[in-house]
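Okay, here's what each chain looks like letter by letter:
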Amino acid sequence: MDTNGRLVAGSHNRNEFVLINADEIGRVTSVKELSGQICQICGDEIEFSADGEPFVACNECAFPICRPCYEYERREGNQSCPQCKTRFKRIKGSPRVDGDEDEDEFDDLDNEFDYNNGNERRDPHQIAESTHSTRVNIGRTSSGITNSSDLDAAAVNSEIPLLTYGQEDDTISADKHALIIPPFMSRGKRVHPMPFNDSSMTLPPRPMDPKKDLAVYGYGTVAWKERMEEWKKKQNNKLQVVKHEGEELDDPDLPKMDEGRQPLSRKLPISSSKINPYRMVILLRMVILGLFFHYRILHPVKDAYGLWLTSIICEIWFAVSWIFDQFPKWSPIERETYLDRLSLRYEKEGKPSELASVDVFVSTVDPLKEPPLITANTVLSILAADYPIDKVACYVSDDGAAMLTFEALSETSEFARKWVPFCKKFSIEPRAPEWYFAEKVDYLRDKVEPTFVKERRAMKREYEEFKVRINGLVAMAQKVPEEGWTMQDGTPWPGNNVRDHPGMIQVFLGQNGVKDIEGNELPHLIYVSREKRPGFDHHKKAGAMNSLIRVSAVISNAPYILNVDCDHYINNSKALREAMCFLMDPQAGKKICYVQFPQRFDGIDRHDRYSNRNVVFFDINMKGLDGIQGPIYVGTGCVFRRQALYGYDAPKKTKPPGKTCNCWPNWCCCFGSRKKTKSKKSKDANNKKKIKSREASTQIHALENIEEGIEGIDSEKSTLMPQIKFEKKFGQSPVFIASALLEEGGVPRGASSASLLKEAIHVISCGYEDKTEWGKEVGWIYGSVTEDILTGFKMHCHGWRSVYCIPKRPAFKGSAPINLSDRLHQVLRWALGSVEILLSRHCPIWYGYGCGLKPLERFSYINSVVYPLTSLPLLAYCTLPAVCLLTGKFIVPEISNYASLLFMGLFISIAATSILEMQWGKVGIDDLWRNEQFWVIGGVSSHFFALLQGLLKVLAGVSTNFTVTSKAADDGEFSELYLFKWTSLLIPPMTLMIINIIGVVVGISDAISNGYETWGPLFGRLFFAIWVIVHLYPFLKGFMGKQNRLPTIIIVWSILLASIFSLLWVRINPFLARGGIVLEVCGLDCN
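What comes next is a walk through the structure. (Residues numbered from 1 in each chain as written. Predicted model: local features only at pLDDT ≥ 70, side-chain atom pairs only at ≥ 80, totals over all residues. Heavy atoms only, no water.)

### Thoughts on the overall build of the protein chain
Phase 1: Across its full length, the protein chain holds 35 helices and 15 strands.
Phase 2: Only carbon and sulfur atoms are counted for the fraction: they give 56% of the accessible area of the protein chain, which is about 54,100 Å². (Helix = DSSP H or I, 4+ residues; strand = E, 2+ residues; numbered from the N terminus. Areas by Shrake-Rupley, 256 points an atom, 1.4 Å probe, with all protein chains shown as cover.)

### A few points about a positive patch on the surface
Phase 1: A surface patch of like charges, here positive, comprises Lys267, Lys591, Lys652, Lys653 and Lys854.
Phase 2: Looking at where Lys591 falls in the secondary structure, it is placed in the loop between α16 (575–583) and β11 (592–596).
Phase 3: With a relative accessible area of 34%, Lys591 lands in the partly exposed category. (Patch = residues over 30% accessible without salt bridge, like charges linked within 9 Å, V, L, I, M, F, W, Y side chains within 5 Å. Salt bridge = Lys/Arg side-chain N within 4 Å of Asp/Glu carboxyl O. Lys, Arg positive; Asp, Glu negative; His and termini not counted. Charge placed at Lys NZ, Arg CZ, Asp CG, Glu CD. Buried < 20%, exposed > 50% of the residue type's maximum accessible area, 1.4 Å probe, protein only.)

### Here's the deal with the sheet that holds strand β10 (residues 569–570)
Phase 1: Strand order in the open sheet formed by 3 strands is β10-β15-β12, with mixed pairing between adjacent strands. The two strands at the open ends of the sheet, each matched to only one other strand, are β10 and β12 (600–602).
Phase 2: Looking at chain direction, β12 and strand β15 (residues 812–815) are connected through 3 bridges and run parallel. Each bridged residue has a counterpart across the sheet, and for Asp602 the counterpart in β15 is Ser815. (Pairing = 2+ DSSP bridges.)

### Description of helix α27 (residues 855–866)
Phase 1: A rise of 1.5 Å per residue sets the reference length of α27, with its 12 residues, at 16 Å; its end C-alpha atoms lie 16 Å apart and thus fit the reference within 8%.
Phase 2: When you tally the buried positions in α27, you get 9 out of 12 residues, the bulk of the element.
Phase 3: Those residues of α27 lying buried are Glu857, Arg858, Ser860, Tyr861, Ile862, Asn863, Ser864, Val865 and Val866. (Expected span 1.5 Å × (residues − 1).)

### Some points on unusual backbone geometry
Phase 1: Between Glu429 and the following residue, Pro430, the backbone shows a cis peptide bond with an omega angle of -10°.
Phase 2: Summarising the element assignment, Pro430 is placed in the loop between α12 (403–426) and α13 (433–438).
Phase 3: Backbone geometry places Lys85, a non-glycine residue, at a positive phi of 65°.
Phase 4: Here the phi dihedral of Ala401 falls at roughly 50°; this positive angle occurs in a residue that is not glycine.
Phase 5: Mapped onto the secondary structure, Ala401 falls in the loop between β6 (392–398) and α12.

### Digging into the environment of Cys805
Phase 1: Relative to the helices and strands, Cys805 is located in the loop between β14 (801–804) and β15.
Phase 2: Placed 469 residues apart in sequence, Cys805 and Glu336 show a C-alpha to C-alpha distance of 8.0 Å.
Phase 3: Ignoring anything within four residues of it in the chain, the contact list for Cys805 reads Glu578, Phe582, Val595, Gln596, Phe597 and Pro598. (Contact = heavy atoms within 4.5 Å.)

### Concerning the nonpolar core
Phase 1: Within the largest apolar cluster, 74 residues are counted, with the highest numbers of intra-cluster contacts made by Trp419, Leu562, Met580 and Val595.
Phase 2: For this core, the element with the most residues is α12, which contributes 12 residues.
Phase 3: Leaving out residues up to four positions away in the same chain, Met580 has contacts with Leu264, Leu342, Ala356, Val358, Tyr387, Tyr560, Asp585 and Val639. (Core = buried A, V, L, I, M, F, W, Y, C linked by side-chain atoms within 4.5 Å.)

### So, the packing of helix α28 (residues 871–887) against helix α30 (residues 925–940)
Phase 1: Contact pair α28 / α30: the axes reach a minimum separation of 9 Å and the direction vectors enclose 105°. By the angle between their axes, α28 is roughly perpendicular relative to α30. Residues Ser871, Leu874, Leu875 and Cys878 of α28 lie in contact with α30, whose contacting residues are Trp935, Val936, Gly939 and Val940.
Phase 2: Residue classes in the contact of α28 with α30 are distributed as 6 nonpolar, 2 polar and no charged. (Axes fitted to C-alpha atoms, helices over the stretch in contact; angles between N-to-C directions. Parallel < 35°, antiparallel > 145°, perpendicular 65-115°, else oblique. Nonpolar A, V, L, I, M, F, W, Y, C, P; charged D, E, K, R; others polar.)

### Quick look at the pattern of salt bridges
Phase 1: Taken as a whole and judged by the stated rule, the model has 34 salt bridges.
Phase 2: Among the salt bridges present, the one from Lys329 reaches Glu917, with a minimum N-O distance of 2.9 Å. With Lys329 in the loop between α9 (305–326) and β4 (333–337) and Glu917 in helix α29 (residues 897–921), the pair connects residues that are 588 residues apart, well separated along the chain. We note that Lys329, like Glu917, is buried.
Phase 3: We note a salt bridge from Lys515 to Glu521, for which the minimum N-O separation is 3.8 Å.

### As for empty space enclosed by the protein
Phase 1: A full pass over the atoms with the stated rule returns 7 cavities of 30 Å³ or more.
Phase 2: Of the voids in this model, the largest cavity is the one considered here, and its volume is about 70 Å³.
Phase 3: For the largest cavity, the full set of lining residues is Thr364, Pro367, Glu370, Pro372, Thr375, Ala376, Thr405, Ala408, Leu409 and Thr412.
Phase 4: Mapped onto the lining of the largest cavity, the elements with two or more residues apiece are α11 (372–383) and α12.
Phase 5: Here the lining of the largest cavity takes 4 residues from α12, the largest share from any one element.
Phase 6: Across the lining of the largest cavity, the residue classes break down as 5 nonpolar, 4 polar and 1 charged.
Phase 7: The volume enclosed by the second largest cavity comes to roughly 60 Å³.
Phase 8: Elements represented by at least two residues in the lining of the second largest cavity include exactly α18 (642–645) and α25 (787–797).
Phase 9: Element by element, the count of residues in the lining of the second largest cavity is highest for α25, at 3 residues. (1 Å grid on protein atoms, 1.4 Å probe; cavity = no way out; pocket = protein on both sides within 12 Å on 5 of 7 lines; lining within 4 Å. Points joined across faces, edges and corners; volume = space filled by probe spheres on them.)

### A few points about a nonpolar patch on the surface
Phase 1: The grouping of Ile297, Leu298, Ile316 and Val320 at the surface amounts to a nonpolar patch, some 320 Å² of accessible area in total.
Phase 2: Of all the secondary-structure elements, those providing two or more residues to the nonpolar patch are α8 (272–298) and α9.
Phase 3: Its location among the elements puts Ile316 in helix α9.
Phase 4: Relative accessible area serves as the criterion here: at 38%, Ile316 is assigned to the partly exposed category.

### A few points about the pairing of strand β13 (residues 638–641)
Phase 1: Burial along β13 is two-sided: the face carrying Cys638 and Phe640 and the face carrying Val639 and Arg641 are both buried.
Phase 2: Strand direction decides the pairing type here: strand β9 (residues 560–565) and β13, joined by 4 bridges, are antiparallel. Looking at the pairing, Leu562 lines up with Val639 of β13.
Phase 3: In this structure, β11 lies alongside β13, joined through 3 bridges in antiparallel fashion. From the neighbouring strand, Tyr594 faces β13, where its bridge partner is Phe640.

Next up, the structure:
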């Protein structure tokens, strides 16, 4: 799409289309002025002739008609102008029709009798293009529209002799073959009939008798010959690959057995010496839990019944939560990729690369919170990835319509002309300049080329200048002018009003001949800001991602999509190739909807105090899910199959028919009776058409979206689903619908730049998704702030499976909030999204049964949405130790030997499970312990507030917000670790810490004053309270890590709440006998 380097802004609903920074055309106020004349029949732009003049069909009145409509009217219509009714004259380049007079002014023998309009074979691109023209015919009443019956009748030329059904006509020469009308020729209403051209087919198509064999018509033989030629060609290519490796060719079948069947990846199951003991311990722990609850329920504490009942309820919930978390880890696996095989298969020497194209989505909102320099580094790492240049397109979504982001991308595109060739010339890692130059390595240690040293120093100077320019833009953006921002040509920035602005598109790289400093092509870099208007729900990040899906489908339409956050750069330049080893694998790749990479982070302190790395989740839980149906989608670092995002079902394998034998008696239960067989045959006959279509199709639509009209093969999707269903599913864009039918990607040919620009602005308009399935069944799913979980869940429900890829070098790295307040707010947002899903129709507890979701995968999704509920029993359980110490009561009665064995067995099984998980997950004990600590900290703070906020939002419609106020920070490498921000999330854990410390002090003081006998029962209570304090220790350390860092308001609130709770408990002590003070006889003789 050529924009001549200009920013395109517009609104489809308002018919606005503006080119900013235009050199020749200037500002355009409407689409029609830019596109020139519009065909009054189909609505397409009228093309220009070879001499640069607009095409004129009627020389009498110059009625605007495009050339395809003109030729169609001459061939199938009334051959006259719709306005003046004058008969059309033949124009040079058009085929002759009956009634044409001889023209003396030009010689056009090449086109005069070209009924087929070319000899190229019909391909999926042409089929998709025809869908583009189909859209304008729905509901149109102008002349030239024909029914399918008219087309069929017109297609058969009675003057040309044809083959009869069953016998050949001797009058027909041997070089003429009967033709079969393609299925797409017999359906729908079209302005232009779609030509079906083939070099071997010289006659117009005619109907075929479905009862006859295809070989009778000469069709089967031709198809078989083409398949044989294609097979021989593939075998020669494979033979060249084997010769390239230098192997001996003793076996004549070696080409078939070597390259054709070598997988691009393989599973690495956990060794049985690790996984079998792990499973045995899980089962043993289940048995011990059953015995434990049997003892606890049958032995209540009568003098502390409330404490006992509370503890029992909490422990039962913890056990259920553990089951949901544990069993999805039953069959963990690892994977290994073969990048060399990928290159051998898809990058043959001397031929263009056959690797699939990838569209990369980068999302950003506020450049003041997400620094433009970080976004620029992410974009640079994408542009410099080790992947064919023409196969990568980077789309940056600016959901804040900030001119700062636009100007920063402009600077980034200029710096990329120097950075990309430098990275590819010396194969450096990582390819984000900020992190590459920050690495503390001696690049002179190895004997490198002198040119590298020189160019590296020069590139570092260039990058420092680039940082100065970016930082200058940031400083300038701190103060917004009263009249708003203005562009260089004096045009006001269209996004000055963040909540009311048109859609904007700018192609920075990949067009207009912009090349790097060495003269090589660069990947596409496209800036996109979707239209926003008051009164529309824009659905935050999920809505922005869906806009990118549509605009990328119009511009590049790659079959695969990578999405990353603006602060997650590509750390491994071969990350895209790693994903293609799964998605492009001919054996198992067709059923994979996405490849998820683990999240790794920079800038976190060595101790990872608040478990920011989340190693337990990414290295244990996700590996377990990979052994079931695949990992869940975590929002970034994920490569999607575009067709899976469109809401299609995963392809299904047809099972071979079962073997039967006539020798079995009718009463045999294994094969059923005659009556059962008869009913089965009747059922099969009724569904024969639907089953046949499913077997022939390589891609099956979602059953709830398409329930009728499914016939034919995959390349004929344009006729399988009625056009109105396409529009209800995907929206009113014919270009996008046409691109959605191309399973292998690619943009339908024939569309002009102006029409593509118009459609690109159309698909990012704010009202495009109205009355469609976007956000419901298509694209990123709406309904939760954690749209990633919902989107992955819907794909798994459609039968797809996902893959977890952990390269040796981390594929992506990002930034994580390392101070406590930001970390708690991040966890709050995740938990709030889970609560929203829990209370929605998409809750995995009751949604998606009878589809392709496996039971253990459902367990994992249930666990991912119910975990915020654990905050309630966790808060109560962490309060119980303080209550026990203050009252002298306990949650268990006097422990017997049997109870002691149960408690010891339970703790030993918990420890054994954790140790075995650390072994096969390759996780350190410190990571496991930090994860356990932050599970308690987040559970009593973020999860609790998320549960309250979710309930208020969903049930009462009240939207609450827990704001964060920044405080001053020290300078230093990890100064942000000690940065504190006031937030109400800090009150619950601080309160628990204080009351448990008070309880320990009171308990020890009471034991000292009462004598030796009270120390025994005290140990159980102290252990309980110390367990809580140790888990909250990182929280306490975060407050006390630096002096004068504890906000006064937190101390005041925490002490106040703890004091009120303690005084209230003393006042209404439920364990004090109501009959008065019990007096006992003193055992001492005072006389």
